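# Secondary and tertiary structure notes
Here's the letter readout for the chains.
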Amino acid sequence: LPLTMEQIYKVIQQKCSNLGISERLRQDLGRSTLLRALPRTPMSALLLARVLSADSKEIPQTLPELYSKYIELALGRWDIGKGLMTEREYPVIILLLSKIAKYMLDNQLFEMAISEVISIFEDYIKTRKDLPNANEIFKKISQRSEIVYINSSRNTFSFKHKSFAEYLLAFYQKEQYGKASPLHNPFEGYWLGVEYFYLGLIQDAGSRIDDLS
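These notes cover the structure that comes with them.

Thresholds applied
- Residues numbered from 1 in each chain as written.
- Predicted model: local features only at pLDDT ≥ 70, side-chain atom pairs only at ≥ 80, totals over all residues.
- Heavy atoms only, no water.
- Helix = DSSP H or I, 4+ residues; strand = E, 2+ residues; numbered from the N terminus.
- Buried < 20%, exposed > 50% of the residue type's maximum accessible area, 1.4 Å probe, protein only.
- Contact = heavy atoms within 4.5 Å.
- Pairing = 2+ DSSP bridges.

## Topic: the environment of P64
Relative to the helices and strands, P64 resides in helix 5 (residues 63-75). Here P64 falls in the buried class, since its relative accessible area comes to 6%. Taking C-alpha positions, P64 is 5.5 Å from F197, a pair spaced 133 residues apart along the chain. Those residues in contact with P64, other than ones at most four positions away along the chain, are Y167, Y196, F197 and G200.

Below is the structure:
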């Protein structure tokens with residue numbers, strides 16, 4: 001069953017040990033357009049808690065914005081200011097993960113061999129200068145366990161949730177095509193999430209919505 005608002009507040013409060021749910025924050029959350037659109041699931045509540053624990057003053061207004069902030073956190077975008085990641089590493093990590101997401105969704109894969117992932121990394125690295133080798137990049141990504149799961153006994157790679165792959169594919173489409181990504185079975189259940197996140201990322205989507213209509 002869907003969580004109640006009180007249960008969502010409780011999840012946030014329990015996950016944010018340094019963040020009490022003040023009445024002010026309750027009111028801000030209650031007024032947020034995000035909570036009206038947020039699926040009332042434990043996962044959604046956990047994503048929101050993770051983002052709020054990093055910055056409780058800026059509440060995401062939409063689900064794509066929540067995913068965007070969460071992915072940035074989980075992949076280390078906010079670590080740059082702390083000196084834990086270089087400016088150049090983050091764009092490479094998110095780009096390569098978006099390529100993997102595209103490959104997996106296009107081929108309807110739940111998981112893939114680590115050797116295949118590294119091979120895709122190597123093909124990209126050949127086109128660029130001064131990047132770390134594929135194994136070093138894979139090691140960095142494998143440490144981002146909020147997003148990905150490495151099965152060391154089976155030597156496989158997977159995303160922890162399909163919605164992460166959907167968001168990353170939408171990110172890839174935006175980077176490749178801007179607001180003109182080709183329509184690809186947008187109303188088929190398998191692709192709905194990708195189209196939803198893509199619309200959220202490009203924001204000013206009037207012509208895209210006309211095409212969908």
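Following the structure, the description resumes.
## Let's talk about the pairing of strand 3 (residues 156-159)
Two faces, one strand: in a regular strand the side chains alternate between the faces of the sheet. Alternating positions in strand 3 separate into two faces, T156 and S158 on one and F157 and F159 on the other, with burial throughout. Relative to strand 3, strand 2 (residues 148-151) is paired through 4 bridges, and the arrangement is antiparallel. Residue pairing in the sheet places I150 in a bridge with F157 of strand 3. Here strand 2 folds back onto strand 3, and the loop between the two strands holds 4 residues, one of which, N155, carries a positive phi near 55 degrees.

## Some details on unusual backbone geometry
The backbone of Q108 sits at a positive phi, close to 50 degrees, despite the residue not being glycine. Position of Q108 relative to the elements: it lies in the loop between helix 6 (89-106) and strand 1 (112-113). For Q108, a relative accessible area of 59% corresponds to the exposed category. The phi angle at Q203 is positive, at roughly 65 degrees, despite the residue not being glycine. Considering the arrangement of structural elements, one finds Q203 in the loop between helix 10 (189-202) and helix 11 (206-212). Accessibility expressed as a relative area gives 65% for Q203, which makes it exposed.

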